[in-house]
Every structure is written in C-alpha cells, then in structure tokens.
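Summary of structural features
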Amino acid sequence: MKFKADEIASVIQQEIEQFESRIDVREVGRVIEVGDGIARVYGLSGVMSGEMVEFPSGVNGLAFNLEENSVGVIILGNFLSINEGDEVRSTGQLLSVPVGEAVLGRVIDPLGNPLDGGGPIASSQRRPVEVIASGVAERQPVKEPLQTGIKAIDSMTPIGRGQRELIIGDRKTGKTAICIDTIINQKDTGVKCFYVAIGQKESTVAGLIEALRANGAMDYTTVIVAGASDPAPLQYVAPYAGCAMAEYFMFKGEHALIIYDDLSRQAQAYRQLSLLMRRPPGREAYPGDVFYCHSRLLERAAKLNDELGGGSLTALPIVETLEGEVSAYIPTNVISITDGQIYLQPDLFFSGQRPAMNVGISVSRVGGAAQVPAMKKVAGGLRLDLASFRELEAFAQLGTDLDAATQARLDRGYRMTELLKQGLYKPMHVTDQVLSIYAGAHGHLDKIPLEKVHDWEDAFLKFVREQKSQIWQKITDTRQLDDEAARELEAAVTEFQGVYAAAHKQAETAMV
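Below: a short report on this structure. The shown structure was predicted, so the numbers you read here are calculated from the model rather than taken from an experiment.

Next up on the list: the sheet that holds strand S8 (residues 107-108). On the basis of which strands lie adjacent, the open sheet formed by eight strands has the order S8-S12-S11-S13-S14-S10-S15-S16 and mixed pairing. Sheet topology places S8 and strand S16 (363-364) at the edges, where each strand pairs with a single neighbour. Where helix H4 (residues 202-214) meets the sheet, it contacts S8, strand S11 (191-198) and strand S12 (221-226), and its direction lies at approximately 175 degrees from that of S12.

Let us look at the pairing of strand S5 (residues 71-76). Two faces make up the sheet, and in a regular strand the side chains alternate between them. Of all six residues in S5, six are buried; the element is thus mostly enclosed. Neither face of S5 is exposed, since Val71, Val73 and Ile75 on one face and Gly72, Ile74 and Leu76 on the opposite face are all buried. As judged from the four bridges shared by strand S2 (residues 38-42) and S5, these two strands associate in the antiparallel manner. Bridging from a neighbouring strand, Val41 pairs with Val71 of S5.

Before going further, it helps to examine helix H13 (residues 430-441). End to end, H13 covers 16 Å across 12 residues, agreeing with the expected 16 Å (1.5 Å per residue, within 8%). For H13, a buried count of 11 out of 12 residues is recorded, marking the element as mostly surrounded by other parts of the structure. Buried within H13 we find Val430, Thr431, Asp432, Gln433, Val434, Leu435, Ser436, Ile437, Tyr438, Ala439 and Gly440. Positive backbone phi, at 80 degrees, marks Gly443, one or two positions downstream of H13.

About the cut-offs
- Residues numbered from 1 in each chain as written.
- Predicted model: local features only at pLDDT ≥ 70, side-chain atom pairs only at ≥ 80, totals over all residues.
- Heavy atoms only, no water.
- Pairing = 2+ DSSP bridges.
- Helix = DSSP H or I, 4+ residues; strand = E, 2+ residues; numbered from the N terminus.
- Contact = heavy atoms within 4.5 Å.
- Axes fitted to C-alpha atoms, helices over the stretch in contact; angles between N-to-C directions.
- Buried < 20%, exposed > 50% of the residue type's maximum accessible area, 1.4 Å probe, protein only.
- Expected span 1.5 Å × (residues − 1).

So this is what it looks like as structure tokens:
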C-alpha cells in the first residue's frame, strides 16, 4: 500500500487551519458547609468579590466574603438544593439583570425572572446590578419638578427629578400610599416607575399591583418583589437590581422614578448575611459598612447633565421607625444621605390627617427650585402659617378666652388643614392644587363650615374647569400666577362664592 505524501500533507494542513482550542478553563471549588442562605466554598482562589458562581443544581451564588482558606458565598435561590461536597464553578461574570422596555408592566424577582405568569422577559440587553454612581461633573442641579399629586407634599416639600426624598414613619402611617399615589400621578408624563418591595407580605404586594392596574399605572411600572418568604440574599440584592433597571432609562435621556419599600428591611437582611459570615457587628449589631450599603445605592439617583442626555432617576426610599425613633441607626444614616425627608406621624394619622405629614420635621433640601412658580407663589408662607397654627391650637386647648383675630387665625388653620387632606389613590393635577391652596390661603373658605370644605373644593374646581377653563389652561400652560391671572382667579372665586351660596340656600329650602 502506497501513501501519497501530498494528500497527507494537505489533510494535515486543513486540520491545522480548522483547529480550535476548546479548553474550558474554570475554577472549581467544593462546598464545605451550607445553610441559612450562605455557603462556604474551598478552592476558588481566583474568584473576585461580587462574582457569580454556579452550583450543580443550577442555582447561582455571589462571592461575598474572600477569606484566606475559603470563600463565603450568598446563595441567590433555594439553598436547600445544595449539599456539602457539591462542585462550585466560577463564571467570570458579575451579577446582571435584564433591562429595557421589556421589563415595563411586569412583576419580576430581583434576578429578572417573571413572577406574573406573563412568559419570559424578552430583552437582549442586560446591565450589572452594581455600578459606580455618576460623578459630580456628570450631574446638574435638581430644578425640574416631579409632581406627586399630593397637595401637602407638592406645596411644602416639593420633589424634583433626580432628587432622593426619604419617606419615614412608623408602620401603618401611609408611607406606601404616598408612593403609589406618586406612581399613579406619573401617567402621561413619560416617567418610568419602578417599585421595589423588600420583605413585604406577598398579599400586600398583590393588593398594590391591583391598585396600580386599576388606575392604569402598570403600563409604565415595573414591580420587583423580594417577599418576606424569600431568602435574605434576594432581599439584599433587590434594590440594586431595581436601580439597574431604572438607570437604563436615565442613561437613555429619559426620566425614571424608583421606590425602595423599605430600606430598613434590606438592612436587616444585610445584617443577617453579615452575622452568618462572621463579619464583626457594630451598632445595633449591623455591620460597619451598612452606611456604604445604602449610600452607594442612593447616590445612583441623579439628574444627568445635558451632554449625557439630561435623563434623571428620582429615588423615594422608605424607612420604617419603631415608636417614632428617628435617631435609631438606619434612620439617621438614610436621613444623612438623602436630600430631605417626609416624616409621617402616627398621632396625625389616627386623628384623620391623611397624609399624616409632620410639617415641622419634614423638609426638602432642594426647596422651591423644584417647584412650579405658581405653586411657589401661593404656598410660600403655608409651612410657617401651619406651624404657627399648631402652636396656637396647643395654646387654645388650655381653654383660655381668645380674641377675634386669634380665633380667625385658628379657624383658617383648621380649614387649611382640612383642605390638605386627600383620599387614597386620588392624586391631583398641579393646577387644581394651586387653585385650592389659593382659595384657602386668601380666606375664601373662612365662612365655609369645616365639614363642607371638601364639597366646596370639588364644586369650585369643577366650576373653574367648566366655566372658567381659560384661567385653568393659562396657569397650566405658563405655570405662572402673574398679577393678571391672580385678578382673574380672584374674580372667579368671588363669582363662585355667590353661585355656591345660592345653591346651598336652595338645597336647605328644599330640605325644609
């Protein structure tokens, strides 16, 4: 048998050209111990902090503690499917989540898996969960208003696009309700909304999703759920995952709003992980870097400069206090990171003041810069007026005789307080808010009985929209309340007072 040398040479040449190195180099380790959502792994000497690792059951983990002889891994999923001695592979990738238009209107977990039965998230783009926040040079001052639709907030503690405004208070004081109203109020504004539920009861979250759906807000909202029954690693990761999804729109030059409900639960999940990993505990047993845990998250909210597209991400973190203890560790930390806080007081809530905002402690450090000029004009002295009313009210409870001027101030204060009350899931247009507050601040409600204030307000707003629509449109378009508009508005209120008094008298006659 003869060999043809040229044929053999050509075959070898062809094989060399088509040769591909298919060696899969991965670090492999072994699970030493596992339990309570964490695993200790031996052998992953080259793994990076925050790198994803993979267990045989398909569950992923995150390298959390890099120690001399082992790696502490937090398990993002069911840790009961992992056993001692299991093989662990490093992936060389950081944790990322799907982003883009595909996540809008969906209910998902912090890893981007759907929870609403609506099929997989069809997004080709992913974004790392942990990124460095934009620097000072990449930002611009907050000056564009983000309307919540709540009179008390938009008039006294205005929120701007790119701001971080903390909502703080005891449990069951209406913290979440403010955020849901704000989401509903973003309809037709182009603001994409993200609601991150951390450690909440799943029945509560289901109720919120129904409320959003009923008000047509789920079309532009994503709900990220790490429920009370989910392991601590998922509750810890959830806010960063939601932030990554919202940041995608900010860097596209669009506007996004994200709500963290609530960061005290996330801090508790982080404390649990840190103590299990034997990190040294600090104040209230929280680890020393719990401040960094929240600051690196909240600093990602920003209003980008025009060169980067001028997009914004507004953050409304929620923190729950115990017995009004604002000076506890987590509340003081988050207060020092944010640009102001809305403090909700149980006494006010139970006395029927909803939202139960304490005007004295609540503040927005952006101030009037993020307020519609018309609102700034009518609500400029509102905070001081309400603060002096509270003092007068406390004094009047002593039962002393009051002069006519003091009694008049008290009466107006009661009516302004009543006017600032608002129903659940009923955000108001900013022009309607301006009209209401103008009428109250200029004494047009002084003669109206307290229980009729909301009837008067509803009838007045309807009257302006239907019969004086040019005033409403003018304030809406210009966002100003100049002298001419103020004169027209004053004439409209005076005219309405006559109409209302006549209608009221006719109704009383009919009842008799």
